Amino acid sequence: MATTDDSFNGMTEHCDDCDLETLHEVSVQIRTESIKEENAQFSREPYRVSECQRCGNRTSQRMNNA
């Protein structure tokens, strides 16, 4: 789980690769999931992307699994 502290952007999370609580850059990306061009505009989903600033490990998670 993300926590805030006095770090530069305030987001620390557990990194599975480092096995430590490290500074992470966190963003939300909109990704198109359909490969069919005519349906692409209806298949965009938000993903939470987190990148460890120590080792570079990057994880993403779909935000709304409906």
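Chemist: Got a sec to walk through the state of the cysteines? Specific residues and values, please.
Modeler: Scanning the entire structure with this criterion turns up 0 disulfides. The thiol of C15 is unpaired, and the distance to the nearest cysteine sulfur, on C55, comes to 3.7 Å. Free of any disulfide, C55 has its nearest neighbouring cysteine sulfur in C18, separated by 3.6 Å. For C55, a relative accessible area of 41% gives the class partly exposed.

Chemist: Go over the environment of E21 with me, naming the residues and quoting the values.
Modeler: Among the secondary structure elements, E21 is positioned in strand 2 (residues 20-32). Residue E21 is classed as partly exposed on the basis of its relative accessible area, which comes to 49%. Sequence-wise, E21 and M11 are 10 residues apart; in three dimensions their C-alpha atoms are separated by 9.8 Å. Among residues more than four places away in sequence, those in contact with E21 are T12, E13 and H14. A distance of 3.4 Å separates the side chain of E21 from the backbone nitrogen of H14, its partner in a polar contact.

Chemist: Hey, could you go over the pairing of strand 3 (residues 44-52) for me, with residue numbers and the actual values?
Modeler: Relative to strand 3, strand 2 runs antiparallel, the two being bridged by 9 bridges. Bridging across to strand 3, H24 finds its partner in C52. Bridge analysis of strand 3 against strand 4 (residues 58-62) gives 5 bridges, and the strand direction is antiparallel. Looking at the pairing, R48 lines up with Q61 of strand 4. Linking strand 3 to strand 4, which pair antiparallel, is a turn of 5 residues; within it G56 sits at a positive phi near 90 degrees.

Cut-offs used in this document
Residues numbered from 1 in each chain as written. Predicted model: local features only at pLDDT ≥ 70, side-chain atom pairs only at ≥ 80, totals over all residues. Heavy atoms only, no water. Disulfide = S-S within 2.5 Å. Buried < 20%, exposed > 50% of the residue type's maximum accessible area, 1.4 Å probe, protein only. Helix = DSSP H or I, 4+ residues; strand = E, 2+ residues; numbered from the N terminus. Contact = heavy atoms within 4.5 Å. Polar contact = N/O pair within 3.5 Å; in protein donor to acceptor, adjacent residues only side chain to side chain. Pairing = 2+ DSSP bridges.

Shape descriptors only; they carry no functional weight alone.
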